[in-house]
Structures are given as C-alpha cells and as structure tokens.
Amino acid sequence: MAYIGLAYPIMARKRDGPEYYDGVLTGKAVETEITPNYIDTSGYTDINDLGQKKEFAYADIKLTTSDLPDTARAIALGESDGVSRDRDESEIIGLGLMRTRIVNDRVTYEAIWLHQAKLWEASGTSGTRGETVDFQTPALEGIAEPDENGEWRTTKQFDTRNEALSWLKEKAGMEGEI
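A separate point is helix α2 (residues 161-172). If you check α2, its first and last C-alpha atoms are 17 Å apart, about what twelve residues at 1.5 Å a residue would give, namely 16 Å. Within α2 the residues assigned to the buried category are A164, L165, W167, L168, K169 and A172. Taken together, the buried residues of α2 touch β1 (2-14), β2 (20-25), β5 (93-103), β6 (106-121) and β10 (153-158). Looking one or two residues beyond α2, the residue adopting positive phi is G173, at roughly 70°.

Below you can see the structure in the form of structure tokens.
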C-alpha cells in the first residue's frame, strides 16, 4: 500500500453532538502529520490481566496548506476580519483530508475526518533564496481528541475522488462546488 497524494483540507465548526456546519476548504493540502499518542493503562489492571494496555489520549496535528483564507482563520483560530487578537480562541472543529491510495495497482481514495480538533497557528518564516523566491506556506498545529462517543477519527475508502470529496463535504455541512 502506498499513499501518493493529499488533497482537500476541509474544516468545519462543530455543533453539540456529531454534526458540523460552515465547512470551508483551506487552500490546497501541502503536508499533514497526524501522530496518535497513547497512555499506558496496564498499571490499572489486576493480576489476572496479562500484557500491556494502552488507551488513546490525543493526536498531534500538523497541517500545511497553500492558503489559509479569512473564513478558515475564523473557524480554526477564532480570528475575525483578518485581525489576530490576544483573546482569540480556537473552537473545537472537525477536520477532513483526502489522500490517494494505491494497493495492488488499484487506485482508491481515502477520506479522513478528525471528529474534534483544536488548532493554533504554527511559527512562520518568510524570505528569499538569492535571486529566486523561497515559498513558504501557512501551517497550523493542534490536537485531535475523542468526541462524546469516544471516537476521534473516521477513515473511509472510496473508488472515486468525487465520492470521497462528497463524503467530506457532507461531514463538514458544505453545499455547492469546491
């Protein structure tokens, strides 16, 4: 199995329960890293339980996109009118991505939805490289936590890109074309 592409970073505001709204595309996906973190719970078992036990705690998220429009900044960072304020607070959001997957020469599309994410702006640099432009892109960091049902991520496989994108749009409460 190989992953050869990343696309459609979508974020949406979360309602109470498993519903999302105001979904927005946040530019083109450049890179993402999702690192699950676990806690060791084997110390809380009795002598009849064998083996080590681990329980999901949270996942670290790093997301780099080609653009972070004001609508996405408002959802992800709590900013308004493009202004960053000392009291801005990130909402709990849903975050979706799609990646291309190849297994036995068959191409499928994997849609990923993080149920509860909280993001903040990563450090950013700007500069030039001699006579050429050195491109920098917006980056966000954050965490994903389990929702009220204990679920933190849903991953679905689709035969077509359009099916995967439709599923992500439905999760995010989006309508219309992207």
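Turning next to the pattern of salt bridges. For side chains bearing opposite charge, pairing can occur when the charged atoms are close. Overall, the coordinates contain seven salt bridges when judged by the stated rule. Between R73 and E121 there is a salt bridge, and its shortest N-O distance comes to 3.2 Å. Of this pair, R73 sits in helix α1 (residues 70-77) while E121 sits in strand β6; the two residues are 48 residues apart in sequence, bridging distant segments of the chain. Classification of R73 by relative accessible area gives buried; the value is 15%. Looking at E121, the relative accessible area reads 45%, which means it is partly exposed. It is possible to trace a salt-bridge network through shared partners that takes in R13, D22 and E91.

For the coordinates displayed, the defined rule picks out one cavity of 30 Å³ or more. Estimated volume of the largest cavity: approximately 40 Å³. Forming the walls of the largest cavity are I92, Q116, A117, K118, I143 and E145. Looking at the lining of the largest cavity residue by residue, the class counts come to three nonpolar, one polar and two charged.

Take T65: it is sitting in strand β4 (residues 54-65). Residues contacting T65, with those up to four places away along its chain left out, are P9, T26, K28, V30, T137 and P138.

Taken residue by residue, the protein gives an average pLDDT of 87. The fraction at 70 or more is 85%. No element of the protein has a lower mean pLDDT than strand β7 (residues 128-129), at 66, and none a higher one than β10, at 97.

On to the nonpolar core. In a soluble, globular protein the nonpolar side chains are often hidden away together inside. M11, I61, L95, L114, L119 and L140 are the most contacted members of the largest nonpolar core, which totals 21 residues. Mapped onto this core, the elements with two or more residues apiece are β4, α1, β5, β6 and β9 (139-144). Once residues within four sequence positions are removed from consideration, L95 is found in contact with I10, M11, I61, L63, I112, W113, L114 and A117. Among the nonpolar cores identified, the runner-up in size contains 15 residues, and Y20, Y109, W167 and A172 belong to it.

Residues E31, E33, D60 and E141 make up a contiguous surface patch of negative charge. Summarising the element assignment, E31 is placed in strand β3 (residues 29-40).

Here the focus is the packing of aromatic side chains. Here the structure, examined in full by the defined rule, presents four aromatic pairs. Centre to centre, the rings of Y20 and W113 are 5.0 Å apart; their planes meet at 75°, and the pair counts as edge-to-face. Of this pair, Y20 sits in strand β2 while W113 sits in strand β6, and the two are 93 residues apart along the sequence. For Y20, a relative accessible area of 7% translates into the label buried. You can call W113 buried: its relative accessible area is 0%. When the centroid spacing of 6.1 Å and the interplanar angle of 45° are considered together, the rings of F158 and W167 count as tilted. Judged on exposure class, the residue F158 and its partner W167 are both buried.

So, about the environment of H115. In this structure, H115 sits in strand β6. Classification of H115 as buried rests on a relative accessible area of 5%. Apart from residues lying up to four places away in sequence, H115 is in contact with K14, Y20, I93, G94, D147, E151, W152, R153 and T154. Polar contacts involving the side chain of H115 include one to the side chain of D147, which spans 3.1 Å.

Here is what the cut-offs are and how they apply
Residues numbered from 1 in each chain as written. Predicted model: local features only at pLDDT ≥ 70, side-chain atom pairs only at ≥ 80, totals over all residues. Heavy atoms only, no water. Helix = DSSP H or I, 4+ residues; strand = E, 2+ residues; numbered from the N terminus. Expected span 1.5 Å × (residues − 1). Buried < 20%, exposed > 50% of the residue type's maximum accessible area, 1.4 Å probe, protein only. Contact = heavy atoms within 4.5 Å. Salt bridge = Lys/Arg side-chain N within 4 Å of Asp/Glu carboxyl O. 1 Å grid on protein atoms, 1.4 Å probe; cavity = no way out; pocket = protein on both sides within 12 Å on 5 of 7 lines; lining within 4 Å. Points joined across faces, edges and corners; volume = space filled by probe spheres on them. Nonpolar A, V, L, I, M, F, W, Y, C, P; charged D, E, K, R; others polar. pLDDT = per-residue confidence, 0-100. Core = buried A, V, L, I, M, F, W, Y, C linked by side-chain atoms within 4.5 Å. Patch = residues over 30% accessible without salt bridge, like charges linked within 9 Å, V, L, I, M, F, W, Y side chains within 5 Å. Areas by Shrake-Rupley, 256 points an atom, 1.4 Å probe, with all protein chains shown as cover. Lys, Arg positive; Asp, Glu negative; His and termini not counted. Charge placed at Lys NZ, Arg CZ, Asp CG, Glu CD. Phe/Tyr/Trp six-rings, centres within 6.5 Å; stacked < 30°, edge-to-face > 60°. Polar contact = N/O pair within 3.5 Å; in protein donor to acceptor, adjacent residues only side chain to side chain.

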